[in-house]
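# Overview (structure and organization)
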Amino acid sequence: MVYLQDILQITVGLGILNVWLLRFQNKTSYRGGESSNMKQEFAHYGLPNWSVYVIGFFKISSAAGLLVGIFITPFVLPSAILLATLMLGAVSMHAKVSDPIKKSIPALCILAMAILIVLLSV
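Rules used in this analysis
- Residues numbered from 1 in each chain as written.
- Predicted model: local features only at pLDDT ≥ 70, side-chain atom pairs only at ≥ 80, totals over all residues.
- Heavy atoms only, no water.
- Phe/Tyr/Trp six-rings, centres within 6.5 Å; stacked < 30°, edge-to-face > 60°.
- Buried < 20%, exposed > 50% of the residue type's maximum accessible area, 1.4 Å probe, protein only.
- Axes fitted to C-alpha atoms, helices over the stretch in contact; angles between N-to-C directions.
- Helix = DSSP H or I, 4+ residues; strand = E, 2+ residues; numbered from the N terminus.
- Left-handed = near helix turned anticlockwise from the far one by under 90°.
- Contact = heavy atoms within 4.5 Å.
- Nonpolar A, V, L, I, M, F, W, Y, C, P; charged D, E, K, R; others polar.
- Core = buried A, V, L, I, M, F, W, Y, C linked by side-chain atoms within 4.5 Å.
- pLDDT = per-residue confidence, 0-100.
- Patch = residues over 30% accessible without salt bridge, like charges linked within 9 Å, V, L, I, M, F, W, Y side chains within 5 Å.
- Areas by Shrake-Rupley, 256 points an atom, 1.4 Å probe, with all protein chains shown as cover.
- Salt bridge = Lys/Arg side-chain N within 4 Å of Asp/Glu carboxyl O.

## Focus: the packing of aromatic side chains
Scanning all chains against the criterion turns up 3 aromatic pairs. Seen in terms of ring centroids, W20 and F24 are 5.9 Å apart; in terms of plane orientation they differ by 50°. Their pairing is tilted. Across the pair, F24 and W20 agree in class, each one buried. Look at W20 and F42: their rings are 6.0 Å apart centre to centre, the planes differ by 85°, and that puts the pair in the edge-to-face class.

Dropping the structure here:
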């Protein structure tokens, strides 16, 4: 039987992996400012180049943790907490550069789903 938490973990996990592994170099309407890829977006936020890789490592790791957590439940809570924290950072970066709210919608949705995963896990 598939549960809401499993659906959320799959949705969030695959969504993050899509952005960081498949769309890393692609322009999307949700990137900060007029950025054409992830590196430009981080530069737009005033973050150093190395932060792209550190944040990417943590986002990919947390996404993988949510997917693995479907089978090995101890991975779920720390992965969801980490991802919620990272999404708070993403939302704050959009606010820092005064992006239109539309650009924050994906981060806000992932944040909400990560919080719901946390709540369902405790």
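From this point, things continue past the structure.
## Digging into the packing of helix 1 (residues 4-22) against helix 5 (residues 105-121)
Direction vectors running N to C along helix 1 and helix 5 enclose 140°, while the axes themselves pass 10 Å from each other. Of the two elements, helix 1 crosses helix 5, and the hand of that crossing is left-handed. Here L4, Q5, L8, Q9, T11, V12 and I16 of helix 1 come into contact with helix 5, specifically with I110, M113, L116, I117, L120 and S121. A per-class count over the contact of helix 1 with helix 5 returns 9 nonpolar, 4 polar and no charged.

## A few points about unusual backbone geometry
A negative phi holds for most residues other than glycine; trans holds for most peptide bonds. We note that S98 has phi near 60°; this positive angle belongs to a residue other than glycine. On the secondary structure map, S98 appears in the loop between helix 4 (76-96) and helix 5.

## Some details on the nonpolar core
Within the largest apolar cluster, 26 residues are counted, with the highest numbers of intra-cluster contacts made by V12, I16 and L83. Breaking this core down by element, the ones donating at least two residues are helix 1, helix 2 (38-44), helix 3 (49-68), helix 4 and helix 5. Here this core takes 8 residues from helix 4, the largest share from any one element. Those residues in contact with I16 that sit more than four places away from it in its chain are K59, I60, A63, L83, M87 and I110.

## Details of the confidence of the model for the protein
Of the residues in the protein, 98% reach a pLDDT of 70 or more, and the chain-wide mean stands at 96. For the protein, per-element mean pLDDT is lowest for helix 2, which scores 96, and highest for helix 3, which scores 98.

## Some thoughts on a nonpolar patch on the surface
Together, L4, I115, L116, L119 and L120 give the surface a local cluster of nonpolar side chains, amounting to about 430 Å² of exposed area. In terms of residue count, helix 5 provides more of the nonpolar patch than any other element does, 4 residues in total. The topology assignment puts L120 in helix 5.

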